[in-house]
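Fold and contact review
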Amino acid sequence: LRLSYSGANTWTNCRMAWYWNYVQNIRRKLVARNLQIGAIVHDLMHRYYVGGEIPLDMEEYVQKRYPANVGPESLMIAREAMTLFAGYLDAHGKDDVEIISSEMQIELQRIEPTTDRPYAIYMIVDAVARDQQARLWRFEHKTAAKMDSYYLNGLRGGLQGGIYHWGLNQTMPEPVVGTIYN
């Protein structure tokens, strides 16, 4: 059994969707526009952090990544993703932190104590950074269309944040002191 926050969240909201996605491996043909934009921004951030090149033709990049998009829709997604990415660079590109890991994949093997059955907890951390005081921080990129008080309260005390913080502190050689959301 391999657990992730998104899997647990899907299970909580719709067990049939969890079964189709995680057991039968059935995926949607179309990915929601906002999820496409978020995934592209995450990819651009990762490329930026590791010194990789940003795609020159963003519309072509979007069409290759999401072939169902054609014409104006692909161009709109490309422009919105680049606008968010440029906004990030403008707001955070000069932060006094050093990114030490980007898109860090963590898989923690565990044994369920009452049955002795193995399972794994899986997560992908957007980035880990070191500040001027040499402390480690988890970076989370959020591209939600609406950030109301309900959404923000969920970030502060939410399950994903707790699991990721715990997972990082299980794997990093020194403690991660908190999370920075951008």
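Above this text is the structure in question.
Calculation criteria
- Residues numbered from 1 in each chain as written.
- Predicted model: local features only at pLDDT ≥ 70, side-chain atom pairs only at ≥ 80, totals over all residues.
- Heavy atoms only, no water.
- Core = buried A, V, L, I, M, F, W, Y, C linked by side-chain atoms within 4.5 Å.
- Buried < 20%, exposed > 50% of the residue type's maximum accessible area, 1.4 Å probe, protein only.
- Helix = DSSP H or I, 4+ residues; strand = E, 2+ residues; numbered from the N terminus.
- Contact = heavy atoms within 4.5 Å.
- Phe/Tyr/Trp six-rings, centres within 6.5 Å; stacked < 30°, edge-to-face > 60°.
- Axes fitted to C-alpha atoms, helices over the stretch in contact; angles between N-to-C directions.
- Parallel < 35°, antiparallel > 145°, perpendicular 65-115°, else oblique.
- Pairing = 2+ DSSP bridges.
- Left-handed = near helix turned anticlockwise from the far one by under 90°.
- Nonpolar A, V, L, I, M, F, W, Y, C, P; charged D, E, K, R; others polar.

Our next topic: the nonpolar core. The biggest cluster of nonpolar side chains holds 18 residues, and the ones touching the most others in it are Ile-40, Met-45, Tyr-49, Met-58, Val-62 and Phe-139. Looking at this core, the element that brings in the most residues is helix α3 (residues 33-49), giving six residues. In contact with Val-62, other than residues within four places in its own chain, are Ile-40, Asn-69, Ser-74, Ile-77 and Ala-78. Counting twelve residues, the second-largest nonpolar core is a separate cluster that includes Leu-108, Ile-121, Val-128 and Val-176.

Counted under the stated rule, the structure contains four aromatic pairs. With 5.0 Å between their ring centres and 85° between their planes, Trp-11 and Trp-18 make a pair best called edge-to-face. Judged by centre distance (6.2 Å) and plane angle (25°), the rings of Trp-18 and Tyr-22 are stacked. Residue Trp-18 and its partner Tyr-22 are located together in helix α2 (residues 15-23), separated by four residues, close to a single helical turn. Trp-18 sits in the partly exposed class, given a relative accessible area of 22%. Through a chain of ring-to-ring contacts, three or more aromatic side chains come together here, namely Trp-11, Trp-18 and Tyr-22.

For the rest of this paragraph, the subject is the packing of helix α1 (residues 5-13) against α2. The contact between α1 and α2 brings their axes to 5 Å, and the two run at 140°. Between α1 and α2, the interaxial angle falls into the category oblique. Across the interface between the two elements, Ser-6, Gly-7, Thr-10, Trp-11 and Asn-13 from α1 touch Arg-15, Ala-17, Trp-18 and Tyr-22 from α2.

Attention now goes to the environment of Asn-9. Along the chain, Asn-9 turns up in helix α1. C-alpha of Asn-9 to C-alpha of Gly-38: the two residues are 29 residues apart in sequence and 18 Å apart in space.

Once that is clear, we can look at the pairing of strand β3 (residues 118-130). The side chains of a regular strand alternate between the sheet's two faces. With three bridges connecting them, strand β1 (residues 2-4) and β3 associate as parallel partners. Across the sheet, Ser-4 pairs through a bridge with Tyr-122, a residue of β3. Pairing analysis gives twelve bridges linking strand β2 (residues 98-111) to β3, with the strands arranged antiparallel. Bridge pairing in β3 links Gln-105 to Ile-124. Between the antiparallel neighbours β2 and β3 lie six residues, among them Asp-116 with a positive phi of about 60°. Where β3 lies against strand β4 (residues 136-140), four bridges are found, and the strand directions are antiparallel. Looking across to β4, one finds that Arg-130 is bridged to Leu-136.

With respect to the helices and strands, His-141 occurs in the loop between β4 and α6 (149-157). Classification of His-141 by relative accessible area gives buried; the value is 5%. Contacts of His-141, omitting those with residues within four sequence positions, involve His-42, Met-45, Tyr-49, Asp-126 and Asn-182.

Relative orientation of the contacting elements α3 and helix α5 (residues 72-92) amounts to 45°, with a least axis distance of 9 Å. With respect to their mutual orientation, α3 and α5 come out oblique. In terms of crossing hand, the pair formed by α3 and α5 is right-handed. Across from Arg-33, Gln-36, Ile-37, Ile-40, Val-41, Leu-44, Met-45, Tyr-48 and Tyr-49 in α3, the residues of α5 making contact are Glu-73, Met-76, Ile-77, Glu-80, Ala-81, Met-82, Leu-84, Phe-85, Tyr-88 and Leu-89. Each residue belonging to the contact of α3 with α5 can be placed in one class, and the counts come to 15 nonpolar, one polar and three charged.

Everything listed is a geometric property; what it means functionally is a separate question.
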